[in-house]
Amino acid sequence: MALPGPLNRYLLLMAQEHLEFRLPEIKSLLSLFGGQFISNQGTYGKSPFWILSIPSEEIARNLMKRTVCAKSIFELWGHGRSSEELYRSLRSYPVEKMVPFLHSDSTYKIKIHTFNKTLTQEEKVKRIDALEFLPFEGKVNLKKPQHIFSLLEDYGLDPNCIPENPHNVYFGRWIADGQRELIESYSVKKRHFIGNTSMDAGLSFIMANHGKVKENDIVFDPFVGTGGLLIASAHFGAYVYGTDIDYNTVHGLGKASRKNQKWRGPDENIRANLRQYGLEKYYLDVLVSDASKPSWRKGTYFDAIITDPPYGIRESTRRTGSQKEIPKGMEKCPESHVPVSLSYHLSDMFFDLLNFAAETLVLGGRLVYWLPVYTPETGTSLHICQTITLCYTKAITPSGRNISVG
């Protein structure tokens with residue numbers, strides 16, 4: 001596929017939360033839909049405005065059907081550091097690209113969006129009137145227009161120092177909105193079955209997007225907990241499966257995590273959560289299992305492994321075992337035996353997780369997990385969402401299987 005030309009530009013309006021996860025999510029989704037992240041923009045820090053080159057409008061629409069980090073995408077017709085620069089940019093935009101959306105049989109409206117500043121209605125009307133040089137021939141329809149155009153102004157990031165004039169001004173045709181509403185509709189507050197460490201809905205969808213989860217994939221979570229990550233993957237059409245060492249969590253037993261509720265109800269479990277969202281058909285199973293013990297036959301089963309390992313803070317890191325030395329030949333316990341729990345060091349846990357992924361992911365499959373990081377310079381702890389892709393490298397391992405950080 002040829003690289004897109006300089007005029008195939010789109011403007012992404014990003015949400016101002018989870019800033020460090022926005023770029024990996026957009027890159028993963030563009031790769032999933034056959035696109036490539038191409039941009040001349042220098043940095044993608046805290047700015048909500050990103051200019052991208054995308055091969056087609058179809059890919060742009062598919063991107064917005066998945067992303068929870070972006071609010072909207074626009075076909076960019078012009079931009080500049082001032083209104084005058086914007087108008088010159090718009091005049092240089094090919095008229096033949098505008099005409100299909102401005103003809104006399106069409107309806108339209110123009111919206112004004114400002115970041116870090118509020119305009120009066122009079123100021124908005126003035127900005128719309130200044131665009132009269134554009135060849136609009138259709139009728140204005142504010143309720144149900146066929147085409148929506150937006151003028152977007154960026155007044156920087158400092159709410160205590162708002163400039164008189166915007167740093168950047170953009171104009172474009174609205175293409176689609178992102179999936180921000182999923183954060184509210186899948187909110188943990190409304191969920192049937194929750195635990196002390198149930199994953200935030202927004203972060204769950206971001207992890208599923210990092211994992212490039214798609215329809216008919218098989219997604220596995222070895223530290224499944226209450227299944228929040230399975231729900232996000234199932235929403236995108238993947239079949240989900242999980243394990244956890246905690247018997248009560250897997251079977252929905254024991255004390256409840258909700259306020260004013262002492263014990264969990266008879267139908268509080270992971271399957272009930274998927275049923276709540278109409279996703280039960282994607283539920284394969286959840287088992288009580290120790291992630292440190294090899295319990296799988298050798299083979300590649302999963303398209304993605306998406307998980308949130310316990311860090312030993314709100315949830316303890318545990319594995320089965322014994323402090324006593326086990327006599328040779330006595331490693332296997334009778335079926336009635338309930339093994340005791342031992343501490344499970346983070347380094348061992350992640351080593352086991354990486355080995356498991358290398359053995360069970362399909363080629364090109366992804367492992368997405370949270371990694372706790374302590375920074376001694378500031379004395380603070382962070383959580384990094386790490387994504388790893390399984391690739392094929394003959395030179396490294398005899399089996400030709402290796403994992404590479406993506």
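- Looking up the protein in an unreviewed UniProt entry gives the name tRNA (guanine(10)-N(2))-methyltransferase TRMT11, with the organism given as Equus przewalskii.
- In its Catalytic activity (unreviewed entry) section, the UniProt entry covering the protein states "guanosine(10) in tRNA + S-adenosyl-L-methionine = N(2)-methylguanosine(10) in tRNA + S-adenosyl-L-homocysteine + H(+)".
- Heading Subcellular location (unreviewed entry) of the UniProt record for the protein holds this comment: "Cytoplasm".

**A short note on the packing of helix 7 (residues 201–210) against helix 8 (residues 228–235)**
Right, on to step 1. Interaxial distance between helix 7 and helix 8 falls to 8 Å at its minimum, and their mutual angle equals 60 degrees. Considered as vectors, helix 7 and helix 8 are oriented oblique to each other. You can see that helix 7 and helix 8 cross each other, and the crossing is right-handed. Taking contact as the criterion, the partners of Ser204, Phe205, Met207 and Ala208 in helix 7 are, on helix 8, Gly228, Leu229, Ala232, Ser233 and His235.
Right, on to step 2. Counted by class, the contact of helix 7 with helix 8 contains five nonpolar, four polar and no charged residues.

**Comments concerning the sheet that holds strand 5 (residues 139–140)**
Strands in a sheet are paired, the pairing made by backbone hydrogen bonds, and the direction either parallel or antiparallel.
Right, on to step 1. Taken together, the seven strands give an open sheet; going across it, the order is 2-1-3-7-6-4-5, and neighbouring strands pair in mixed fashion. In this open sheet, the two strands that pair with only one neighbour each are strand 2 (49–53) and strand 5.
Right, on to step 2. Direction of pairing for strand 4 (residues 107–115) relative to strand 6 (residues 147–154): parallel, over a ladder of eight bridges. Bridging from a neighbouring strand, Lys111 pairs with Ser150 of strand 6.
Right, on to step 3. Packing against the sheet, helix 1 (residues 19–32) makes contact with strand 1 (9–14) and strand 2, and its axis sits at approximately 20 degrees to strand 2.

**Describing the environment of Lys139**
Right, on to step 1. With respect to the helices and strands, the residue Lys139 is situated in strand 5.
Right, on to step 2. Measuring from C-alpha to C-alpha, the distance between Lys139 and Leu102 comes to 9.1 Å, with 37 residues separating the pair along the chain.
Right, on to step 3. If sequence neighbours within four positions are ignored, Lys139 has contacts with Ser106, Thr107 and Tyr108.

**So, the packing of aromatic side chains**
Right, on to step 1. Summed over the entire model, instances satisfying the criterion amount to 27 aromatic pairs.
Right, on to step 2. Centroid distance Phe136 to Phe149: 5.4 Å. Interplanar angle 80 degrees. Geometry classified as edge-to-face. Of the two residues, Phe136 is situated in the loop between helix 5 (121–129) and strand 5 and Phe149 in strand 6; the sequence distance between them amounts to 13 residues. Note on accessibility: Phe136 and Phe149 belong to one class, buried.
Right, on to step 3. Ring centres 6.0 Å apart and planes at 55 degrees place the aromatic pair Tyr301 and Phe302 in the tilted group.
Right, on to step 4. Given a relative accessible area of 3%, Phe302 falls into the buried group.
Right, on to step 5. An aromatic cluster is defined as three or more aromatic residues linked by ring pairs; in this entry it consists of Trp77, Tyr93, Phe101, Tyr108, Phe136, Phe149 and Phe171.
Right, on to step 6. Just above the ring of Phe236 sits the side chain of Arg66; from NZ or CZ to the centre is 3.7 Å.
Right, on to step 7. Lying over the aromatic face of Phe101, Arg173 brings its terminal NZ or CZ to 3.8 Å of the ring centre.

The rules behind these values
Residues numbered from 1 in each chain as written. Predicted model: local features only at pLDDT ≥ 70, side-chain atom pairs only at ≥ 80, totals over all residues. Heavy atoms only, no water. UniProt positions renumbered as here; feature names shortened; annotations may be inferred. Axes fitted to C-alpha atoms, helices over the stretch in contact; angles between N-to-C directions. Helix = DSSP H or I, 4+ residues; strand = E, 2+ residues; numbered from the N terminus. Parallel < 35°, antiparallel > 145°, perpendicular 65-115°, else oblique. Left-handed = near helix turned anticlockwise from the far one by under 90°. Contact = heavy atoms within 4.5 Å. Nonpolar A, V, L, I, M, F, W, Y, C, P; charged D, E, K, R; others polar. Pairing = 2+ DSSP bridges. Phe/Tyr/Trp six-rings, centres within 6.5 Å; stacked < 30°, edge-to-face > 60°. Buried < 20%, exposed > 50% of the residue type's maximum accessible area, 1.4 Å probe, protein only. Lys NZ or Arg CZ within 6 Å of the ring centre and 35° of its normal.

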